[in-house]
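Observations on chain architecture
One-letter residues, chain by chain:
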Amino acid sequence: MLTFAARRLILSIPTLLFISFVVFMLLQLAPGDPMAQVPLTVPPEVKEKMRQALGLGEPPLVQYWKWLVQVGWIEPKVFIDWLTRESWLLGWLPDTQLYNGELRVISWQTRSPVMDIVIQRIPQTLWVVGIAYLVAILVALPIGIYSAYRQYSVFDQAGTFVTMVGFSIPPFFTGPLLIVIFSVQLGWFPSIYDTTHVVNDWASFKVQLQQMIMPVMVLAFQITAQLSRYMRASTLDNLNQDYVRTARAKGLSEAVVVMSHVVRNSMIPVVTVIALGIPSIFGGAIITENVFKVNGIGQLLITALFANDLPMVMTLTFIFAVLIVMFNLIADVLYGVLDPRIRYD
Amino acid sequence: MTEPVPATPSPIEALKDKEPSKAPRSQWKDVWDQLRHHKGAMFGGSFLIFITLAVLLGPYIWQVDPQKLDIRNKDMRPIYHLLWDSDAKAAWSKPLGSDQLGRDNLAQMLAGGRASMAVGWAAMVLSLLIGTLIGVLAGYFKRLDGLLMRTTDLFLALPILPLLLVAVTLFRQPLRSSFGPEGGMFILIVTVIAITSWMPTARIVRGDILAIKEREFVLAARSIGTTSGKIIRRHLLPNVLSPIMVSAALGLATAIITESALSFLGVGFPSDFPTWGKMLADAVQRMEQFPERVLLPGIAISLTVLSVNYLGDGLRDALDPRIRGR
């Protein structure tokens, strides 16, 4: 197992390199010019210097190499410094001071390091998307188990219909729909997620809860639909197995048979599906973040794309790719850990 | 002595050929019978046919130009508003009302549906072609397998929606100049959706081809000298048709949703060209006063995708010989 994980980890490096190379070369074809906003009165030689300052004078391969060094070597140094200096997790360690003023990946929009902006945006995305994912898991698993246990019952039929609907209604429709119902007609929740809101007492916590409910509901509805279908299918597979009959034959109660025998076995594929879904949530949340004006990572990507901010787009896409590759690996390893019948070696 | 043997011996009962009581049934007839009992699939299929016919034939019946501005009759409500509000600004000349520029909503819905369905079908067909081709090549030719499957894994590791957005914003300009604003966007969206969604099909097809090509009938075909191309076309492809059909249904649903999402984010078709996603996105700003402009395209997208999903569900059940006949 350890060798398998190590081999996959090493194999993921060329994969990521290739993906980043392809995306970088794709972005090189971009028609936009970062100097388009500069006034026409600026003389061309000054413009050329500004271009050089943004790192645009070099051939694409050199640019790619520089970007790679910045993301793969300099940014981790900055991150470790930040960890040992300010974070509560490792702040007790002495300041490492690895970073000494090298050029980092600079956003063309704000002329500040891309990673700083990403770090600012991550908490919003994690709060909304992470809680939605948790809610979805907590709702989907019981629904899936029960509708498989009572197959073709009214509950199962209704559950299947609702999951089908959740599958089919896109978030850019459920989002506005919820806004019309709950913030326009009923006036219960705000339609815009206020990220500057600080939670410091009970009242502000209530406000935070109110503004989180709708985006979390939209996201969780979608994820619940997918997860409960997987859970139902996997439980159905296990309910007809011989070991279930054996467990019943030796007189175990239904609760024990289902909860400790069947559920444990049917969780194996579902856990990997959950792990595989985590990165796609970051990508899929682009629309929900856009509808509710959550300024998370997805919204950052959209604004960067429209502003032609190529370093930002490049770095964000790379982060998404890293997440996907990592969680693929985690899913594979989890599968092997949970199911002793699977041997990778 | 010996008994005389009758000239024609009467046939032994057990060895007599039984006349088949029923005419032989083809596989597709069985599938159809199973599918007919799946209520969701029947509903989905008929709704899909209805909406396809509506967007195909509708513009010939309701001959209003969807892009025609009629600023005097702007912001009309749908005709059913008269049921509870007799003062509502509504008229039979615009059954579903008009938008803030006076464009007729019914005509826009029909034209938008045409665009959405066309993108959906074209992207689905293209992605199936790519997926099937790669799946068959990887499954049949052992030399290509490693390379093609690594490519598939690579594509699966790509972040789809960000890449879609990047690709659309990057290639919008050159394609527009060569194929016109609508044509260029259509080509771009269809290709981009297809290129990012063929992987599941390729994996499923490869798995099935790997299993089928070891069967005796393929060996028999090869032993009489059938060429690889003929084996693939005559013997392998008909046998992997059912997983391809199921992924076709799922692919159509994904393609319609992706196109609408792109339009919603404002990177889809040009602004005067209606699609369901664009109508929804345009209406979101005024949804407090005119909720029906969000609801109509939203319900159209959702119902179409729902019916396609139900059809795919029913097809999966009907095409699975283990479930069929139960």
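Calculation notes
- Residues numbered from 1 in each chain as written.
- Chains lettered and ligands numbered in written order.
- Predicted model: local features only at pLDDT ≥ 70, side-chain atom pairs only at ≥ 80, totals over all residues.
- Heavy atoms only, no water.
- Helix = DSSP H or I, 4+ residues; strand = E, 2+ residues; numbered from the N terminus.
- Rg over C-alpha atoms; globule rule 2.2 N^0.38 Å.
- Buried < 20%, exposed > 50% of the residue type's maximum accessible area, 1.4 Å probe, protein only.
- Contact = heavy atoms within 4.5 Å.
- Phe/Tyr/Trp six-rings, centres within 6.5 Å; stacked < 30°, edge-to-face > 60°.
- Lys NZ or Arg CZ within 6 Å of the ring centre and 35° of its normal.
- Axes fitted to C-alpha atoms, helices over the stretch in contact; angles between N-to-C directions.
- Left-handed = near helix turned anticlockwise from the far one by under 90°.
- UniProt positions renumbered as here; feature names shortened; annotations may be inferred.
- Core = buried A, V, L, I, M, F, W, Y, C linked by side-chain atoms within 4.5 Å.
- Domains from an automatic or database assignment.
- Salt bridge = Lys/Arg side-chain N within 4 Å of Asp/Glu carboxyl O.
- Expected span 1.5 Å × (residues − 1).
- Bend = angle between axes of the 7 residues up to and from the residue.
- Polar contact = N/O pair within 3.5 Å; in protein donor to acceptor, adjacent residues only side chain to side chain.
- Buried area = accessible area lost by both parts, 1.4 Å probe.

Moving on: the overall build of chain B. Across its full length, chain B carries 12 helices and zero strands. Going from the N terminus to the C terminus, chain B shows its helices and strands as α-α-α-α-α-α-α-α-α-α-α-α. Relative to a compact globule of 326 residues, whose C-alpha radius of gyration would be 20 Å, chain B shows 27 Å and is clearly more extended. Its C-alpha atoms put chain B at 115 × 50 × 30 Å along the principal axes.

It is worth spelling out the side chain of A:D309 at this point. All names here are of chain A. Along the chain, D309 falls in the loop between α10 (297-306) and α11 (310-338). Residue classification places D309 among the buried positions, given a relative accessible area of 0%. Discounting residues that sit within four places of it in the chain, D309 has contacts with S107, W108, Q109 and A304.

Let us now look at the packing of aromatic side chains. Residues and elements named next belong to chain A. In total, this model carries 15 aromatic pairs over all chains according to the counting rule given. Both rings, one in Y146 and one in F155, keep their centres 4.9 Å apart while their planes meet at 85°; by these two values the pair is edge-to-face. With relative accessibility at 39%, the residue Y146 sits in the partly exposed group. A connected cluster of aromatic rings, assembled from ring pairs, spans F21, F24, Y64, W67 and F318. Across the ring face of F167, the terminal group of R229 is positioned such that the distance to the ring centre comes to 5.1 Å.

Our next topic: the packing of helix α10 (residues 241-264) of chain B against helix α11 (residues 276-284) of chain B. Residues and elements named next belong to chain B. The N-to-C vectors of α10 and α11 enclose an angle of 35°; their axes lie 7 Å apart at closest approach. Of the two possible hands of crossing, α10 and α11 adopt the one that is right-handed. Of the residues in α11, those touching α10 at S260, S263 and F264 are G277, K278, L280, A281 and V284.

Before going further, it helps to spend a moment on the UniProt feature "domain: ABC transmembrane type-1" (unreviewed entry) in chain B. As recorded in UniProt, the sites labelled "domain: ABC transmembrane type-1" (unreviewed entry) are residues 113-312 of chain B. Helix makes up 82% of residues 113-312 of chain B and strand 0%, with an end-to-end C-alpha separation of 20 Å.

Looking now at the UniProt feature "transmembrane region" (unreviewed entry) in chain A. What UniProt calls "transmembrane region" (unreviewed entry) maps, in this numbering, to residues 9-30, 125-149, 161-189, 209-227, 268-292 and 312-338 of chain A. Secondary structure across residues 125-149 of chain A divides into 100% helix and 0% strand, with the first and last C-alpha atoms of the span separated by 35 Å.

Among the nonpolar cores identified, the biggest contains 147 residues, and A:L27, A:W67, B:L165 and B:L236 are the most heavily contacted of them. Residue assignment places this core across two domains, with domain 1 (35-107) and domain 2 (115-338) of chain A each supplying three or more. The residues contacting A:L27, other than those within four sequence positions of it, are A:L310, A:V313, A:M314, B:V166 and B:L170. Counting residues in each nonpolar core, the second largest holds seven residues, with B:A138, B:W198, B:M199 and B:A202 among its members.

Our focus in this paragraph is the pattern of salt bridges. Applying the stated rule across the entire model yields seven salt bridges over all chains. A salt bridge links A:R232 to A:D156, with the shortest nitrogen-to-oxygen separation between them at 2.8 Å. Here A:R232 is found in helix α7 (residues 202-239), whereas its partner A:D156 is found in helix α5 (residues 154-168), with 76 residues between them in sequence. For A:D156, a relative accessible area of 2% gives the class buried. A salt bridge links B:D145 to B:R206, with the nearest nitrogen and oxygen atoms 2.8 Å apart.

Our focus in this paragraph is helix α4 (residues 114-149) of chain A. Compared with the 52 Å implied by 1.5 Å per residue over 36 residues, the 50 Å span of α4(A) between its first and last C-alpha is a close match. If you look at α4(A), its biggest bend is around 30°, right at A:R121, and the proline A:P123 turns up within four residues after that.

What follows is about the side chain of A:T125. Residue and element names in this part refer to chain A. With respect to the helices and strands, T125 occurs in helix α4. Classification of T125 by relative accessible area gives buried; the value is 2%. From its side chain, T125 meets the backbone nitrogen of I297 in a polar contact 2.8 Å long.

Between chain A and chain B, the residue contacts involve 39 residues of the former and 36 residues of the latter. Across the chain A to chain B interface the summed buried area is about 3300 Å²; carbon plus sulfur atoms make up 85%. Of all residues in chain A, A:M164, A:F172 and A:F173 give up the largest surface area on contact with chain B, accounting jointly for 19% of the area buried on that side. For B:D313, the salt bridge goes to A:R229, with nearest N and O atoms at 3.4 Å. Counting the contacts that link chain A with chain B gives two residue pairs in polar contact (both at pLDDT 80 or more). Examining the composition of the side of chain A that touches chain B, we find that seven residues originate from one element, helix α6 (residues 171-185) of chain A, more than from any other.

Moving on: the UniProt feature "transmembrane region" (unreviewed entry) in chain B. Under the UniProt annotation, "transmembrane region" (unreviewed entry) lies at residues 41-62, 118-141, 153-171, 183-205, 240-269 and 294-312 of chain B. Taken end to end, residues 183-205 of chain B is 87% helix and 0% strand, and its two terminal C-alpha atoms sit 32 Å from one another.

So, about the domain arrangement of chain A. Residue and element names in this part refer to chain A. Domain boundaries in chain A define domain 1 (35-107) and domain 2 (115-338). The gap between the C-alpha centroids of domain 1 and domain 2 is 34 Å. Domain 1 puts eight residues into the contact, and the matching count from domain 2 is 10 residues. Together, the buried faces of domain 1 and domain 2 total about 740 Å²; carbon and sulfur atoms form 69% of this surface. Here domain 1 and domain 2 share zero salt bridges between them. At the boundary of domain 1 and domain 2, one finds zero residue pairs in polar contact (both at pLDDT 80 or more).

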